[in-house]
Amino acid sequence: MDVWDPGDDISALASILADPTRAKVCVTLMDGCAWTPGELAHQIDVSPQAMSSCLAHLEDAGAITRIRQGRHHYVRLSGEHMARIVESLGAAAGPRRAHPVGYRQVRADRRLQAARTCYTHIAGRLGVALADAMNAQGLIETSDDAMRLTLAGTAWFADQGIMLPTAQARIRACLDWTERRMHIAGPAGIGLCRRLLELDVIRRSTPRRALTVTPSGQHWFEDHLGLDAQAIAEPRP
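What you see is a predicted model, and the numbers here were worked out from it, not measured in a lab.

1. Some points on the packing of helix α2 (residues 20-28) against helix α4 (residues 48-60)
So, step 1. At a closest axis distance of 10 Å, the pairing of α2 and α4 adopts a crossing angle of 75°. Taken together, the axes of α2 and α4 are roughly perpendicular relative to one another. Taken together, the residues of α4 that come into contact with α2 (itself represented by Thr 21, Arg 22, Val 25 and Cys 26) are Met 51, Cys 54, Leu 55, His 57 and Leu 58.
So, step 2. A class-by-class count of the residues in the contact of α2 with α4 yields six nonpolar, two polar and one charged.

See below:
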């Protein structure tokens, strides 16, 4: 009788992400959006044939799913569990050894460090600052790299029009790739990001994972959390 060995599964997944192109595809899909294979090939600068092979491997491993719409099809990460793996690996990998080359790449990196989506929640300096502000106001409690919503926090989310499940797993701490500190994930993080996009408090920017704080959003952050989000989300030189 065969005995299940989780080491085999870990090894299989690691071998899939060990390929630089496949890893870059997963990082690109961390914006939570669906991409066409052609868009991914252009973004990562590989041939359509190479991208087709790459996506086939990722799909076989369960890392991505395909969405078909008429004659077109799109791909996205298979779920938040896969996003957690990618974010955790990025945090564990540490800073890049090579510095970005060119003004556009430097600006893109700085924007992503300032504020970005981590699949479906807010990350970067803005995401960590949000967690700090909510902790300071007693909306969440943090302990041993874990987060818990307080009663005040549950009421605060409801006041913002964000309905959360009644189960305990309403909020989760996610180790931020660039900040090496925790930002808010789970249903609370997803709901907050979605609601702030709906209210035009934050907007998607370029590169596609980057976020910017709108002028009205700055007032929202100040009024609701006492946070100078504009200064936090501004790319630093």
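Still to come is the rest of the account.
2. Quick look at the nonpolar core
So, step 1. Membership of the largest hydrophobic core comes to 35 residues, with the highest contact counts inside it found for Leu 126, Phe 157, Ile 202, Phe 221 and Leu 225.
So, step 2. Secondary-structure elements contributing two or more residues to this core are α7 (124-136), β6 (146-149), α8 (151-159), β8 (182-185), α9 (186-198), β10 (211-213), α10 (215-225) and α11 (229-232).
So, step 3. Here the element with the most residues in this core is α7; it accounts for six residues.
So, step 4. Among residues more than four places away in sequence, those in contact with Phe 157 are Met 134, Leu 149, Ile 162, Leu 164, Ala 188 and Leu 192.
So, step 5. Counting 26 residues, the second largest nonpolar core, distinct from the first, contains Cys 26, Leu 29, Ile 44 and Ala 185.

3. A few points about the environment of Ala 61
So, step 1. Along the polypeptide, Ala 61 turns up in the loop between α4 and β1 (64-69).
So, step 2. Residue classification places Ala 61 among the partly exposed residues on the basis of a relative accessible area of 38%.
So, step 3. Here the alpha-carbon distance between Ala 61 and Asp 9, two residues 52 residues apart in the chain, equals 9.9 Å.

4. Considerations on unusual backbone geometry
So, step 1. Across the junction of Thr 206 and Pro 207, the peptide omega takes the value -5°, indicating a cis bond.
So, step 2. Here Pro 207 shows up in the loop between β9 (202-204) and β10.
So, step 3. In this structure, Asp 45 takes a positive phi of about 65° despite not being glycine.
So, step 4. With respect to the secondary-structure elements, Asp 45 resides in the loop between α3 (37-44) and α4.
So, step 5. For Asp 45, a relative accessible area of 68% corresponds to the exposed category.
So, step 6. Even without being glycine, Asp 200 reaches a positive phi, approximately 60°.
So, step 7. Residue placement: Asp 200 occurs in the loop between α9 and β9.
So, step 8. The exposure class assigned to Asp 200 is partly exposed, which follows from its relative accessible area of 27%.

5. With respect to the packing of aromatic side chains
So, step 1. Counted by the stated rule, this structure contains three aromatic pairs.
So, step 2. Between the aromatic rings of Trp 156 and Phe 157, the centroid separation amounts to 5.2 Å while the plane-to-plane angle is 80°, which identifies the pairing as edge-to-face. Across the pair, Phe 157 and Trp 156 agree in class, each one buried.
So, step 3. Judged by centre distance (6.1 Å) and plane angle (70°), the ring pair of Trp 156 and Trp 220 falls under edge-to-face. Placement of the pair is Trp 156 in helix α8 and Trp 220 in helix α10, with a sequence separation of 64 residues.
So, step 4. Since its relative accessible area comes to 11%, Trp 220 is described here as buried.

6. Points about the side chain of Glu 87
So, step 1. As for its position among the elements, Glu 87 is in helix α5 (residues 80-93).
So, step 2. Once you skip the residues sitting within four places of it in the chain, Glu 87 turns out to touch Met 30, Arg 116, Cys 118, Cys 174, Leu 175, Asp 176, Trp 177, His 183 and Arg 209.

7. Comments concerning α4
So, step 1. Counted at 1.5 Å a residue, the expected span for α4 with its 13 residues is 18 Å, and the 18 Å between its end C-alpha atoms agrees.
So, step 2. Three or more residues of α4 are buried, namely Met 51, Cys 54, Leu 55 and Leu 58. Along the axis of α4, the buried residues cluster in a sector spanning 95°; they form a single face. With respect to the buried face of α4, the exposed residues turned more than 90 degrees away are Gln 49 and Asp 60.
So, step 3. Looking one or two residues past α4, Gly 62 carries a phi angle of roughly 80°, positive in sign.

What counts and how
- Residue positions are given per chain, counted from 1 along the sequence in the order it is written.
- Since the coordinates come from a predicted model, pLDDT governs what is reported: local features require at least 70, and pairs of side-chain atoms require 80 or more to be given and counted, while whole-chain, interface and lining totals use all residues.
- As a convention, hydrogens and water are excluded, and side-chain values are obtained from all of the structure's heavy atoms.
- Between N-to-C directions, angles span 0 to 180 degrees; the directions come from axes that are lines fitted to C-alpha atoms, helices contributing only their stretch in contact.
- Only DSSP runs of H or I with at least four residues qualify as helices, and only runs of E with at least two residues qualify as strands; both kinds are numbered from the N terminus onward.
- Oblique is the label for any angle not covered by the other classes, which are roughly parallel (under 35 degrees), roughly antiparallel (over 145) and roughly perpendicular (65 to 115).
- It only takes one pair of heavy atoms within 4.5 Å for two residues to be counted as in contact.
- Each residue is assigned to one class: nonpolar for Ala, Val, Leu, Ile, Met, Phe, Trp, Tyr, Cys and Pro, charged for Asp, Glu, Lys and Arg, and polar for all the others, Gly among them.
- In these notes, a set of buried Ala, Val, Leu, Ile, Met, Phe, Trp, Tyr and Cys residues joined through side-chain atoms within 4.5 Å is what counts as a nonpolar core.
- Relative accessibility thresholds used throughout: buried, under 20% of the residue-type maximum; exposed, over 50%; partly exposed, between the two (1.4 Å probe, protein chains only).
- In this analysis, rings of Phe, Tyr and Trp, with Trp reduced to its six-membered ring, are considered paired at centre separations within 6.5 Å, and the interplanar angle assigns stacked below 30 degrees, edge-to-face beyond 60, and tilted for intermediate values.
- Here the expected length of a helix is defined as 1.5 Å per residue gap, with one fewer gap than residues.
- Our arc is simply the arc of the directions from the helix axis toward the C-beta atoms.

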